[in-house]
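Commentary on secondary and tertiary structure
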Amino acid sequence: MSQAAPRPLIIGNWKMYKTIPEAIEFVKKLIPIIASSPSEVYLAVPFTTIHPLSEEAKGSSLVIGAQNMNDASEGAFTGEIAAKMLTQAGAQFVVLGHSERRRLFHEDNGFINRKVIRALIEGLRPVLCIGESQEEHDEKRTEEIVKNQLKECLEGINPINLANLVVAYEPVWAIGTSNSATPEYMQNIQKVIREFLTELLGDKNAKKVAVLYGGSLNPKNSKELLQNSDIDGLLVGGASLSLETFVEIVNDSCKQINEAAK
Ligand code: PGA
């Protein structure tokens with residue numbers, strides 16, 4: 001684990017799942033379970049559940065956030081949502097540039113860059129997703145793609161303002177495929193990401209950035225990845241929808257730091 005995150009950061013990404021009652025039921029059970037967890041636990045939830053869940057999470061260690069937002073402060077953008085609407089509803093962070101947004105909704109690095117800037121202006125912690133496609137992976141272009149995504153998505157931002165940044169490496173070939181990256185693979189790529197962040201932001205600022213892994217995580221591979229690579233945490237999709245598996249992942253991430261402290 002790097003200096004960026006002395007505690008593992010575990011983010012659940014619910015995608016387009018859970019109604020308000022389902023979400024409240026989940027969070028009511030989750031809060032007491034994670035109360036004394038040494039890991040930081042975040043949930044990226046559907047827009048409609050941000051406010052009720054933030055109310056539930058008040059005074060607890062659970063942090064609620066969004067999965068997307070627009071880059072404009074407000075305006076005639078039917079169907080979009082502004083950062084200040086999210087913070088006002090209680091969101092504390094936002095996932096930006098998820099590969100599903102890039103692939104299905106044609107978001108490019110320039111748009112994501114403007115969203116990161118807007119999130120910082122409004123005080124939302126940005127969780128910037130990067131990662132190569134299967135094709136790019138097969139063509140051995142991972143390093144080039146990931147560096148370009150980081151460069152373009154962080155373009156023009158004063159590194160001092162990026163102390164809170166979270167970078168989630170989520171290779172497209174690993175998302176929802178049961179084909180997760182191995183700890184060895186992750187050790188390599190996290191090193192590439194860290195070195196490039198140092199080049200972009202300077203050593204001091206880059207050290208503050210948390211680097212996570214996401215893609216087909218389950219309790220077993222989560223533990224292996226946290227134990228055997230220097231990643232700072234996990235972005236968990238499908239496995240965060242079940243309280244049982246999500247709690248197992250969070251609990252195992254705590255054991256990982258307990259073991260490291262011995
Ligand atoms: P998955 O999704 O864990 O279901 O593969 C991860 C993500 O898309 O964030």
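As shown above, the structure is provided for reference.
Let me sum up the structure you'll find in this document.

About the criteria used
- Residues numbered from 1 in each chain as written.
- Predicted model: local features only at pLDDT ≥ 70, side-chain atom pairs only at ≥ 80, totals over all residues.
- Heavy atoms only, no water.
- Axes fitted to C-alpha atoms, helices over the stretch in contact; angles between N-to-C directions.
- Helix = DSSP H or I, 4+ residues; strand = E, 2+ residues; numbered from the N terminus.
- Parallel < 35°, antiparallel > 145°, perpendicular 65-115°, else oblique.
- Left-handed = near helix turned anticlockwise from the far one by under 90°.
- Contact = heavy atoms within 4.5 Å.
- Buried < 20%, exposed > 50% of the residue type's maximum accessible area, 1.4 Å probe, protein only.
- Polar contact = N/O pair within 3.5 Å; in protein donor to acceptor, adjacent residues only side chain to side chain.

Next up on the list: the packing of helix H1 (residues 20-34) against helix H2 (residues 47-57). With their axes 10 Å apart at the nearest point, H1 and H2 run at an angle of 25 degrees to one another. Relative to H2, H1 is oriented roughly parallel. Crossing geometry of H1 relative to H2 is assigned as right-handed. Counting all contacts with H1, which are made through Ile20, Ala23, Ile24, Val27, Lys28 and Ile31, the residues of H2 involved are Thr48, Thr49, Pro52, Leu53, Glu56 and Ala57.

Structurally, the position occupied by serine 54 is in helix H2. Judged by relative accessible area, which is 11%, serine 54 ranks as buried. Within the structure, the side chain of serine 54 is placed 2.6 Å from the backbone oxygen of isoleucine 50, a separation counted as a polar contact.

Of note, the phi angle at histidine 106 is positive, near 55 degrees, even though the residue is not glycine. By secondary structure assignment, the location of histidine 106 is in the loop between helix H4 (99-104) and helix H5 (109-122). Given the relative accessible area of 67%, histidine 106 is considered exposed. The phi dihedral of serine 178 falls on the positive side, at around 65 degrees, and the residue is not glycine. In this structure, serine 178 sits in the loop between strand E6 (166-169) and helix H8 (183-201).

Geometric values such as these leave the question of function open.
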